[in-house]
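# Results of the structural survey
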Amino acid sequence: MSVKFALAVSDHKAIRHTVNYHPRIWGDRFTTLSVKSHTYTQKMSTKSALTVSHQKAVCRKGDYHRNHPNHIWGDCFTTLCVKSHAHTKIMSTKSVLEVFDQKVLRRTADFHPNIWGDHFMTYVCDDEAIKLWREEAEELKEKVRKMLKDEIMTTANLPKKLKLIDAVQRLGVSYHFEEEIDELLEQIFINHKTCVADYDLHDTALLFRLQRQQGSNVSCDVFKKFRDHKGSFKGDSVGGTLSLYEAAHLRVHGEDILDEALDFATTQLNSVLITNFSHPLAKQIQHALRRPIRKSTPRLEAWHYMSFYKAESESHDENLLKFAKLDFNILQKMHQKEMSILARWWKDLDFRRKLSCPGHETDYQNVTCGY
């Protein structure tokens with residue numbers, strides 16, 4: 001071409017050639033992309049990522065894109081999600097960059113005030129009173145021990161043996177008589193295992209629970225005789241149903257008969273509370289439904305059971321009950337003394353002053369769990 005024509009062409013703007021592409025086939029299929037990481041969790045848009053790097057996306061047209069208005073990936077890389085095992089945090093790239101320009105602030109927690117205050121700081125232990133309690137408790141303990149040994153010497157009256165063992169354990173004093181209890185349960189297992197079919201629901205369930213608590217592998221088939229021809233349980237008394245309820249909580253996986261027993265006992269005991277709330281065992285039933293023996297704390301259960309055991313005016317032993325109360329009080333005083341020592345030790349550490357940060361006066365004394 002001539003020079004004049006070439007100069008004329010150079011004064012005009014270049015016109016881009018456009019191609020009509022087909023609609024994207026993926027749509028928003030890949031709206032998010034998850035990438036796993038062990039460091040952090042971040043979510044950013046592709047636009048923000050390209051802005052940070054100051055680059056532009058360039059898509060070159062080709063013959064295979066002719067008559068296709070949009071690229072096939074759509075918004076596949078619109079978001080980037082990186083997952084972490086340490087923490088989960090989602091932020092845009094812009095937010096990430098802004099964090100570096102801001103002052104890092106400490107996280108503070110508002111712990112509730114110490115519920116005990118200085119109660120244990122001012123506790124004074126009455127050693128003379130505790131000494132008298134110990135002397136009296138030793139005398140009563142020997143009486144209870146003699147009572148257990150007398151039961152070992154006899155082979156008759158199984159219900160009395162079972163109730164005595166159950167009372168000693170639930171009153172929280174069984175740790176004084178572990179050898180006697182083991183020997184008595186072994187005797188019961190040897191001498192009465194052939195007579196289980198003659199026992200009622202209460203004694204059968206009580207024997208089952210005591211032996212399982214002791215670690216014996218007792219079969220749950222002993223409860224089959226308490227089902228009717230349809231396979232449903234039948235209770236002979238409220239006390240028997242309550243005993244079955246407590247025993248069913250020691251079931252293991254696969255013991256369907258105990259699952260059915262627990263459902264039956266729970267329904268029956270709730271029915272008793274609705275129809276006959278004045279029943280002598282009403283309070284004990286209410287407590288058992290709320291917190292069965294298997295799921296209770298031994299010392300707390302001992303405190304509750306003292307009132308139930310005392311209400312059994314015909315069968316409770318006064319020496320055992322008095323010994324249980326003395327033992328409970330002695331242990332309580334010992335725990336209070338230990339907490340007093342611990343409270344003074346914590347105060348002497350003075351963590352509130354040593355670990356406090358400017359602008360963040362956290363009351364470290366309130367962070368303690370317990371006192």
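Residues numbered from 1 in each chain as written. Predicted model: local features only at pLDDT ≥ 70, side-chain atom pairs only at ≥ 80, totals over all residues. Heavy atoms only, no water.

### A look at the overall build of the protein
In plain terms, the rule: Helix and strand assignments come from DSSP, with helices taken as H or I runs of at least 4 residues and strands as E runs of at least 2, each series counted from the N terminus. Each residue's exposure class comes from its accessible area (1.4 Å probe, protein chains only) as a fraction of the maximum for that residue type: buried when under 20%, exposed when over 50%, partly exposed otherwise. Any two residues whose heavy atoms approach within 4.5 Å are treated as being in contact.
Along the protein, the regular secondary structure elements total 13 helices and three strands. Split into buried and exposed, the 371 residues of the protein put 33% on the buried side. Sequence separation of at least 24 residues holds for 76% of the intrachain contacts in the protein that already meet a minimum separation of 6.

### Describing the layout of surface pockets
Just so we agree on the cut-off: Using a grid of 1 Å spacing that covers the protein atoms alone, one calls a set of points a cavity when a 1.4 Å probe fits there but cannot get out, and a pocket when the set is open and has protein on both sides within 12 Å along at least five of seven lines; lining residues are those with an atom within 4 Å of a point. Grid points are joined across faces, edges and corners, and a volume is the space filled by probe spheres set on the points.
The space that makes up the largest pocket amounts to roughly 830 Å³. Every residue lining the largest pocket is counted, 34 residues in all, and those nearest its centre are Lys163, Gln284, Tyr305, Glu312 and Ser315. Elements supplying a minimum of two residues to the lining of the largest pocket: α4 (127-153), α5 (158-170), α7 (201-213), α8 (238-248), α10 (282-290) and α11 (298-311). With six residues, α5 is the single largest residue contributor to the lining of the largest pocket. Of the voids in this model, the second largest pocket is the one considered here, and its volume is about 430 Å³. Along the walls of the second largest pocket sit 18 residues, with Gln169, Arg170, Ser174, Gln213 and Pro298 positioned nearest its centre.

### A look at the side chain of Ser243
Within the secondary structure layout, Ser243 lies in helix α8. Discounting chain neighbours no more than four positions away, the residues touching Ser243 are His202, Ala205 and Leu206.

### Notes on the packing of α11 against helix α12 (residues 318-349)
Here is the rule: An axis is simply a line fitted to the C-alpha atoms; with a helix, the fit covers only the stretch in contact. Between two such axes, the angle follows the N-to-C directions and lies from 0 to 180 degrees. We call two directions roughly parallel when the angle between them is under 35 degrees, roughly antiparallel when it is over 145, roughly perpendicular when it lies between 65 and 115, and oblique otherwise. In this scheme the handedness of a crossing depends on how the near helix is turned from the far one: anticlockwise by less than a right angle means left-handed, clockwise means right-handed. Side-chain classes follow a simple rule in which Ala, Val, Leu, Ile, Met, Phe, Trp, Tyr, Cys and Pro form the nonpolar group, Asp, Glu, Lys and Arg form the charged group, and the remainder, Gly included, forms the polar group.
Following both chains from N to C, one finds α11 and α12 inclined at 150°, their axes separated by 11 Å at the closest point. Classified by the angle between their axes, α11 and α12 sit roughly antiparallel to one another. Judged by the sense of rotation from one axis to the other, the crossing of α11 with α12 is left-handed. Residue-level contacts link Arg299, Trp303, Met306, Tyr309 and Lys310 of α11 to Leu320, Leu321, Ala324, Lys325, Asp327, Phe328 and Leu331 of α12. Grouping the amino acids of the contact of α11 with α12 by side-chain chemistry returns eight nonpolar, no polar and four charged.

### Description of the nonpolar core
The condition that has to hold: Nonpolar cores are built from buried Ala, Val, Leu, Ile, Met, Phe, Trp, Tyr and Cys residues. Side-chain atoms within 4.5 Å join them into one set.
Counting residues in hydrophobic clusters, the biggest one holds 33 residues, and the most contacted among them are Phe177 and Leu320. At the level of secondary structure, the elements contributing two or more residues to this core comprise α4, α5, α6 (178-192), α7, α11 and α12. With seven residues, the top contributor of residues to this core is α12. When residues no more than four places from it in sequence are discounted, the contact partners of Phe177 are Lys141, Val144, Arg145, Leu148, Val168 and Phe323. In terms of nonpolar packing, the next biggest core, distinct from the first, is built from 25 residues, Phe223, Ala247, Ala265 and Ile285 among them.

### Some points on the pattern of salt bridges
Rule in force here: The working definition used for a salt bridge is a side-chain nitrogen of Lys or Arg within 4 Å of a carboxyl oxygen of Asp or Glu.
Per the stated rule, a full pass over the model turns up 13 salt bridges. In this structure, the salt-bridge partner of Lys161 is Glu151, at a minimum N-O distance of 3.7 Å. With a gap of 10 residues between them, Lys161 in helix α5 and Glu151 in helix α4 connect regions that are remote in the sequence. A residue is classified by how much of its surface remains accessible, and Lys161, at 0% relative accessible area, is buried. In this structure Glu151 comes out as buried when scored by relative accessible area, which is 8%. Across the pair Glu260 and Arg227 runs a salt bridge, and its minimum N-O distance is 3.0 Å. Of the two residues, Glu260 is situated in helix α9 (residues 256-275) and Arg227 in the loop between α7 and α8; the sequence distance between them amounts to 33 residues.

### Remarks on the packing of α7 against α8
Between two packed helices, what matters for the description is the angle formed by their axes and the separation of those axes. Their axes nearest at 8 Å, the elements α7 and α8 cross at an angle of 20°. With respect to α8, the axis of α7 lies roughly parallel. Regarding α7 and α8, the two cross each other, and that crossing is left-handed. Where α7 approaches α8, its residues Leu201, His202, Ala205, Leu206, Phe208 and Arg209 are matched on the opposing element by Gly239, Gly240, Thr241, Ser243, Leu244, Glu246 and Ala247.

### A closer look at α5
Operational definition: A helix's residues, less one, multiplied by 1.5 Å, set its expected span.
Over its 13 residues, α5 runs 18 Å from end to end, which matches the ideal 18 Å to within 8%, given 1.5 Å per residue. Here α5 lies mainly inside the structure; 10 of its 13 residues are buried. Within α5, the full set of buried residues consists of Leu158, Lys161, Leu162, Leu164, Ile165, Asp166, Ala167, Val168, Gln169 and Arg170. The positive-phi residue at the C-terminal boundary of α5 is Gly172, with phi of around 80°.

### Considerations on the confidence of the model for the protein
For the record, the criterion: pLDDT gives the predictor's per-residue confidence on a scale running from 0 to 100.
Per-residue confidence for the protein gives a mean pLDDT of 75, with 64% of residues at or over 70. Ranking the elements of the protein by mean pLDDT puts strand β3 (residues 79-83) last, at 43, and α8 first, at 95. Predicted confidence is poor over residues 5-10, with pLDDT under 50, and the contacts of this stretch with residues over four places away or in other chains come to one contact. With pLDDT under 50 throughout, residues 32-70 is counted as low confidence; its partners more than four residues away or in other chains account for 89 contacts.

### Quick word on a negative patch on the surface
Note the following rule: Candidate patch residues must exceed 30% relative accessible area and have no salt bridge, after which like charges are joined if within 9 Å and Val, Leu, Ile, Met, Phe, Trp or Tyr side chains if within 5 Å. Values of accessible area rely on a 1.4 Å probe in the Shrake-Rupley scheme; residue burial ignores everything except the protein chains shown. Neither His nor the chain termini are counted; the positive set is Lys and Arg, and the negative set is Asp and Glu. Just so you know, the charge point we use is NZ for Lys, CZ for Arg, CG for Asp and CD for Glu.
Among the surface-exposed residues, Glu178, Glu179, Asp182, Glu183 and Glu186 lie close enough to one another that they form a single negatively charged patch. Overall, Glu179 belongs to the exposed group, its relative accessible area being 65%.

### A word on the side chain of Arg170
The line we're drawing: Counted as a polar contact is a pair of N or O atoms within 3.5 Å, where, for protein atoms, one must be capable of donating a hydrogen and the other of accepting one, and residues adjacent in sequence contribute only when both atoms are in side chains.
By secondary structure assignment, the location of Arg170 is in helix α5. Polar side-chain contacts of Arg170 include one of 2.9 Å to the side chain of Glu301. If we ignore the near neighbours within four places in the chain, the residues touching Arg170 are Gln284, Ile293, Glu301, Ala302 and Tyr305.

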